[in-house]
Amino acid sequence: HHRKKNTGECKFLEYGSGYSTTFWASKKWIDEVVSIEANPIWADDVKDWIGQSDLAIQEKINYNVTPVNNQHLLTGLGGFEAWSDQYEEVWQKYSSFAISNFKRESFDFIIIDGHDRKRSFINSVPLLKKGGMILCHDMTLETFNALDPVSTLIDTFSNFLEFKEYKNFGHGRGNLGFVGIKS
């Protein structure tokens, strides 16, 4: 589909699509939403919502599906276990999609709220513009540590990710896990 000309206002990347995809695209200050999804069944629903949106919203969305065709790995407890190192190859195309397809420092705002969050997060940091913000949702869940040693609390990475500011928020599902601003 046709993309509107980039006005340079704000380019947004999200790992994990959903209601948020059209929500962010509806914001006047966001010029483009690049969305990356691993679950092909969920992606069909999201595509329907996008299709029912105003044309102006549809034109802002660059929707990408890198399908993982294993529902056990995509849902519930299986989803947490699935982010461990033993499944790294399963997620490789997904977690590296953005870094493989976009230039460094392409995005003003990045939200990681999909699968394989640690690797998606680390792969996305180089894509952040200076002064840009990256937000990792639900990464402070203590259960991540219990279920999956790969998803250690993201603040263990604050040192090498060149963050001017970062904050790790609380515990429990629904919390913003981690916010960093690129130096």
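Residue indices follow the written sequence of each chain, beginning from 1 at its first position. Per-residue local features of the predicted model are confined to residues with pLDDT of at least 70, and side-chain atom pairs are confined, for both listing and counting, to 80 or more; whole-chain, interface and lining totals are unaffected and use all residues. For the side-chain quantities, the full set of heavy atoms in the structure was used; hydrogens and water were omitted.

Overview of the nonpolar core
Logical step 1: Counting 24 residues, the largest nonpolar core has Leu13, Tyr15, Trp91 and Ile110 as the members making the most contacts within it.
Logical step 2: Secondary structure counts use DSSP, requiring at least four H or I residues in a row for a helix and at least two E residues in a row for a strand, with both numbered from the N terminus. For this core, the secondary-structure elements that each account for two or more residues are strand 1 (11–15), strand 2 (32–37), helix 4 (71–74), helix 6 (88–95), helix 7 (97–101), strand 4 (107–112) and strand 5 (128–137).
Logical step 3: Between two residues, a contact is recorded if the distance between any of their heavy atoms is within 4.5 Å. The residues touching Tyr15, leaving out its near neighbours within four places in the chain, are Ile36, Tyr94, Ser95, Ser96, Phe97, Ala98, Ile111, Ile112, Asp113, Gly114, Ser120 and Ser124.
Logical step 4: Among buried residues, those of type Ala, Val, Leu, Ile, Met, Phe, Trp, Tyr and Cys that are joined through side-chain atoms within 4.5 Å constitute a nonpolar core. Under the scheme applied here, a residue whose accessible area is under 20% of the maximum for its type counts as buried, over 50% as exposed, and between as partly exposed, the area being computed with a 1.4 Å probe on protein chains only. Judged by nonpolar contacts, the second largest core, of 15 residues, contains Phe12, Trp24, Tyr63 and Leu135.

Some remarks on the pairing of strand 4
Logical step 1: Along strand 4, 5 of the 6 residues are buried, which leaves the element largely enclosed by surrounding structure.
Logical step 2: Strands were regarded as paired on the criterion that DSSP finds at least two bridges between them. Alignment of strand 1 against strand 4, held across 4 bridges, turns out to be parallel. Looking at strand 4, one finds that Tyr15 is bridged to Ile112.
Logical step 3: Think of it like this: strands point away, you trace from the first strand over the helix to the second, and a clockwise trace means the crossover is right-handed. The parallel pair strand 4 and strand 5 is bridged by helix 8 (residues 117–124), and the resulting crossover is right-handed.

Looking at the packing of aromatic side chains
Logical step 1: Here is the rule: rings of Phe, Tyr and Trp (six-membered ring for Trp) pair when centre to centre is within 6.5 Å. Planes less than 30 degrees apart are stacked, more than 60 are edge-to-face, and the remainder are tilted. Following the criterion strictly, the structure yields 11 aromatic pairs and no others.
Logical step 2: For the pair Phe102 and Phe107, a centre-to-centre distance of 5.3 Å together with 70° between the ring planes defines the contact as edge-to-face.
Logical step 3: A residue is classified by how much of its surface remains accessible, and Phe102, at 17% relative accessible area, is buried.
Logical step 4: By relative accessible area, Phe107 is classed as buried at 0%.
Logical step 5: Of the aromatic side chains, those joined through ring pairs into one cluster are Phe12, Phe23, Trp24, Trp29 and Phe109.

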